[in-house]
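In case you want the letters, here they are:
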Amino acid sequence: MSFELNLCVKCGSCKALCPTYIEDVTEGMSARGRVVLLEKFHEGKLEPSKKLDERIFSCMLCGACNKLCPLGINVTDAMYEARNRLRDFNKKRRFLGLGIRLGLKKASNSFRILKFFETINEMLPVFRIYPFSAIKRMDVTLPDSALRDGMSIFRVSKPRGRIAIFAGCSVNFIYPNIGRSLIESLNVMNYDVVLPKGEVCCGAPLMGLGRREDAVEMAERNMNAFKKLNVEAVIGLCPTCIDSIKNGYRSLIGDGIDNAVEVSQFFSKLQPSAFSPQPSKVIYHDPCHSIYGLDVSVEPRQILRSMGFHLMDSERGCCGFGGTFRLLYQELSEGILEKRIEEYKRADMIVTSCPNCILQLRSRIKDRPVRHIAEVINECIRIKACN
Ligand code: SF4
Ligand code: SF4
């Protein structure tokens, strides 16, 4: 497989927004440092080693380097390929990968089991054992029920159209209210809403762990569930999921869900009026896959400004979540998060469009709301201040 890594002129442009480099400040933890290693590894000039494994798996797959490279080198595709080859090199990660694979393939059952463990945590403290301990450190309490379990259709009397939602695992099993907010907004706007049977994990965590064949299975299952739907758009509540089902699936299985959009793209024509939002001083946090994968950063800000929020400027940067990165590199993850916490101190509320960023930011921000833009839009629509 060719990634054109040999075109790399080692200019270092890709380092500028690399979150692990910004945190660690060593060349080996930068995008350029990784490109040098990837080139040698893919050419067969470098054998698997602990150091190589560490460098390749500590990449957050945020995509900033792809966006910044003047030669258009796709660093993350080369990274996925290397991970596929190295996936069993580290025993702890192999164990984690097998557990996540099993958990995601039967996600509804996994949710019920985790909920049960959470209920009996006093008697059987499963959440003290890794990787559950790492999840618990994030202060997550699972909801009583998931957003969807099978097919659901939310109809209105005279629909102007039909929309499907790709909820994603985090909304489905951790923050179902975000999904319910979106369904309500769409119903108020006279859309029938479909949550199809058969949605599974988008496959991104499995790709990140080097389990390409499992990610392919997930991609095929999602394509079967969504491609046959006759809908105006598939709205996603997690940018990583949308980037995967729309763009990532093309290189994985040669097809993608073309009409998949992020919430703020769909609602960008919303007309707010007479809305006095509280709290007013807001920072919008850009999820990495929104800006680097989907090119979405203007739309959510336009929506928030037009609703009357005072949108504060802020330095752009990753929250440090990165899916399994959070479980494998907790210290690094928390260091990256710390920078955002400092930056966001000035705001009364933080808004974003990613449930995983919410999870990460809420693990530290306890005194102010951190909300999904779908919830903010819903509030505006519910009080009839938007149409
Ligand atoms: S920006 Fe592109 S060319 Fe420059 S070091 Fe990074 S990968 Fe190489
Ligand atoms: S994907 Fe992100 S973390 Fe990984 S090398 Fe590129 S910029 Fe750095």
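Residues numbered from 1 in each chain as written. Chains lettered and ligands numbered in written order. Predicted model: local features only at pLDDT ≥ 70, side-chain atom pairs only at ≥ 80, totals over all residues. Heavy atoms only, no water.

**With respect to the domain arrangement of the protein chain**
Segmenting the protein chain into domains produces domain 1 (5–86), domain 2 (91–136), domain 3 (152–267) and domain 4 (268–382). Taken together, the contact between domain 1 and domain 3 spans six residues of the former and six residues of the latter. Taken over both partners, the interface formed by domain 1 and domain 3 buries close to 520 Å², and the fraction arising from carbon and sulfur atoms is 46%. The largest per-residue losses of area from domain 1 upon contact with domain 3 belong to Tyr 80, Arg 83 and Asn 84, which jointly make up 68% of the total buried on that side. On the surface where domain 1 and domain 3 come into contact, there are one salt bridge. One salt bridge in this structure joins Glu 81 and Arg 212, with 3.6 Å as the shortest N-O distance. Our count for the contact surface shared by domain 1 and domain 3 stands at two residue pairs in polar contact (both at pLDDT 80 or more). Here the element with the most residues in the side of domain 1 that touches domain 3 is helix α5 (residues 75–86); it accounts for four residues. (Domains from an automatic or database assignment. Contact = heavy atoms within 4.5 Å. Buried area = accessible area lost by both parts, 1.4 Å probe. Salt bridge = Lys/Arg side-chain N within 4 Å of Asp/Glu carboxyl O. Polar contact = N/O pair within 3.5 Å; in protein donor to acceptor, adjacent residues only side chain to side chain. Helix = DSSP H or I, 4+ residues; strand = E, 2+ residues; numbered from the N terminus.)

**Describing the side chain of Ser 264**
Along the chain, Ser 264 turns up in helix α14 (residues 263–266). Residue classification places Ser 264 among the buried residues on the basis of a relative accessible area of 0%. A polar contact is formed between the side chain of Ser 264 and the side chain of Glu 262, at a distance of 3.1 Å. (Buried < 20%, exposed > 50% of the residue type's maximum accessible area, 1.4 Å probe, protein only.)

**A short note on the packing of helix α3 (residues 50–57) against α5**
As a packed pair, α3 and α5 sit with axes 10 Å apart at the nearest point and diverge in direction by 135°. Between α3 and α5, the crossing angle belongs to the class labelled oblique. By crossing handedness, the relation of α3 to α5 is classed as left-handed. Here Leu 52, Asp 53, Ile 56 and Phe 57 of α3 come into contact with α5, specifically with Met 79, Ala 82, Arg 83 and Leu 86. (Axes fitted to C-alpha atoms, helices over the stretch in contact; angles between N-to-C directions. Parallel < 35°, antiparallel > 145°, perpendicular 65-115°, else oblique. Left-handed = near helix turned anticlockwise from the far one by under 90°.)

**Section: the sheet that holds strand β4 (residues 233–236)**
In spatial order, the strands read β1-β3-β2-β4-β5; together these five strands make up an open sheet with mixed pairing. Whereas interior strands pair on both sides, the edge strands pair on one side only; in this sheet they are β1 (152–154) and β5 (260–262). For this sheet, the mean inter-axis angle between neighbouring strands, taken without regard to orientation, is 30°. Taken together, the four bridges between strand β2 (residues 161–166) and β4 define a ladder with parallel strand orientation. Following the sheet pairing, Phe 166 is matched in β4 by Gly 236. Taken strand by strand, helix α10 (residues 176–188) contacts β1, β2, β3 (191–195) and β4, and its axis lies near 150° from that of β3. (Pairing = 2+ DSSP bridges.)

**Points about the packing of α10 against helix α20 (residues 373–382)**
Axis angle and axis distance: for two packed helices, these are the angle between their axes and the distance between the axes, and together they describe the pair. Packing of α10 against α20 leaves a shortest axis separation of 9 Å and a crossing angle of 35°. By crossing handedness, the relation of α10 to α20 is classed as left-handed. Residues Ile 178, Ser 181, Glu 184, Ser 185 and Val 188 of α10 form the contact with α20, whose participating residues are Ala 374, Glu 375, Ile 377, Asn 378, Ile 381 and Arg 382. Tallied by class, the residues present in the contact of α10 with α20 amount to five nonpolar, three polar and three charged. (Nonpolar A, V, L, I, M, F, W, Y, C, P; charged D, E, K, R; others polar.)

**Overview of unusual backbone geometry**
A negative phi angle characterises most non-glycine residues, just as the trans form characterises most peptide bonds. Notably, Val 25 is not glycine yet its phi reads approximately 55°, a positive angle. Mapped onto the fold, Val 25 is located in the loop between α1 (19–24) and α2 (31–42). Positive phi, normally seen in glycine, also occurs at Asp 295, with a value near 60°. When you line up the elements, Asp 295 lands in the loop between α15 (288–294) and α16 (298–306). A relative accessible area of 52% means that Asp 295 is categorised as exposed.

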